Amino acid sequence: MRNSSRPSAFSRPLRALLLAGVAAVALSACASNRASMGATDLSGQGSAESQQTLGSLAARYKKNPRDKGTMIYYAAALRAAGQPEQAMAVLEAGVASKNADADLKVAYAKALTSAGRFEQALNVVESAINPASPDWNALSVKGAILDQSGHNAEARAVYQQALTIAPNEASLYANIGLSYAMTNDLTQAETQLRRAVAMRGATSQIRQNLALVIGLQGRFDECRAIYAAELGPEEVEANMAYIRALLTQQNRWDKIKGE
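Conventions used here
Residues numbered from 1 in each chain as written. Predicted model: local features only at pLDDT ≥ 70, side-chain atom pairs only at ≥ 80, totals over all residues. Heavy atoms only, no water. Helix = DSSP H or I, 4+ residues; strand = E, 2+ residues; numbered from the N terminus. Buried < 20%, exposed > 50% of the residue type's maximum accessible area, 1.4 Å probe, protein only. Contact = heavy atoms within 4.5 Å. Areas by Shrake-Rupley, 256 points an atom, 1.4 Å probe, with all protein chains shown as cover. Axes fitted to C-alpha atoms, helices over the stretch in contact; angles between N-to-C directions. Parallel < 35°, antiparallel > 145°, perpendicular 65-115°, else oblique. Left-handed = near helix turned anticlockwise from the far one by under 90°. Nonpolar A, V, L, I, M, F, W, Y, C, P; charged D, E, K, R; others polar.

(A) Examining the overall build of the protein chain more closely. Counting its regular elements, the protein chain contains 15 helices and zero strands. Sorting the 259 residues of the protein chain into buried and exposed places 49% on the buried side. Look at the contacts in the protein chain between residues 6 or more apart in sequence, and 56% of them connect residues 24 or more apart. With an accessible surface of roughly 12400 Å², the protein chain has 49% of that area assigned to carbon and sulfur atoms.

Next comes the structure, spelled out in structure tokens:
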């Protein structure tokens, strides 16, 4: 039986960030194909850009539904657009036709997790991990699935295993930070996210996650400044309102005022 840490009051909104921020899978496709299609982390796109990306990838998929890279990127775009069931359908066909392909299995596990099918997702991602030579990205996805299932301590152990393979990977420290936030250890969460932000390869999503954790501690000016460097004014205000709503919902105002 897996040991679960005590769930955080904020764990529900943070769970979605874990799979959104998981690093892009490494593809065996040619470099030109990778460059033309971009990374699989589409969480930082605006709504108009997201729809444009989705439309472009849908056309690619319709033209060549058996292309591995197209399947993975199209499924990522569908997940970003809030269509996990369709993303699963795209990848189910790919996994069935290329059952031994680890990249497709990892992408499929992400889609399953987005749909809340954690146990199945865990089984799929574990089948993609070679114990003799594990891939850090697959381990990162496994950790995110464990976190979203409430097995936070076990998830952090998996992230640490991934760090022995990729010690300079910012997304791993970011996931560790979010894991701590899910168990209400916001100080440790901030420490890990600051470490991630300072590393090469840190994304806008990671910086926004740091802003969220700082905001949840009541440091609104600092939080707003980080958001303002990443987002437009309307998005900044929407995020600030969201943080205040979370704090109100969880009755943390008295604690913050006393600090």
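(B) View of the environment of Y159. For Y159, the position within the fold is in helix α9 (residues 152-165). Taking relative accessible area as the criterion, Y159 reaches 0% and is therefore assigned buried. Spatially, the C-alpha atoms of Y159 and L172 are 6.2 Å apart, while their sequence positions differ by 13 residues.

(C) Structural detail: the environment of H151. One can find H151 in the loop between α8 (136-148) and α9. Along the primary structure H151 and S179 are separated by 28 residues, whereas in three dimensions their C-alpha atoms are 9.5 Å apart.

(D) Quick peek at the packing of helix α4 (residues 68-80) against helix α6 (residues 102-114). Running from amino to carboxyl end, α4 crosses α6 at an angle of 15°, the nearest separation of the two axes being 10 Å. In terms of their interaxial angle, α4 and α6 are classed as roughly parallel. α6 is crossed by α4, and the crossing has left-handed handedness. Facing K68, M71, I72 and R79 of α4, the residues of α6 in contact are D103, L104, A107, K110, A111 and S114. Counted by class, the contact of α4 with α6 contains five nonpolar, one polar and four charged residues.

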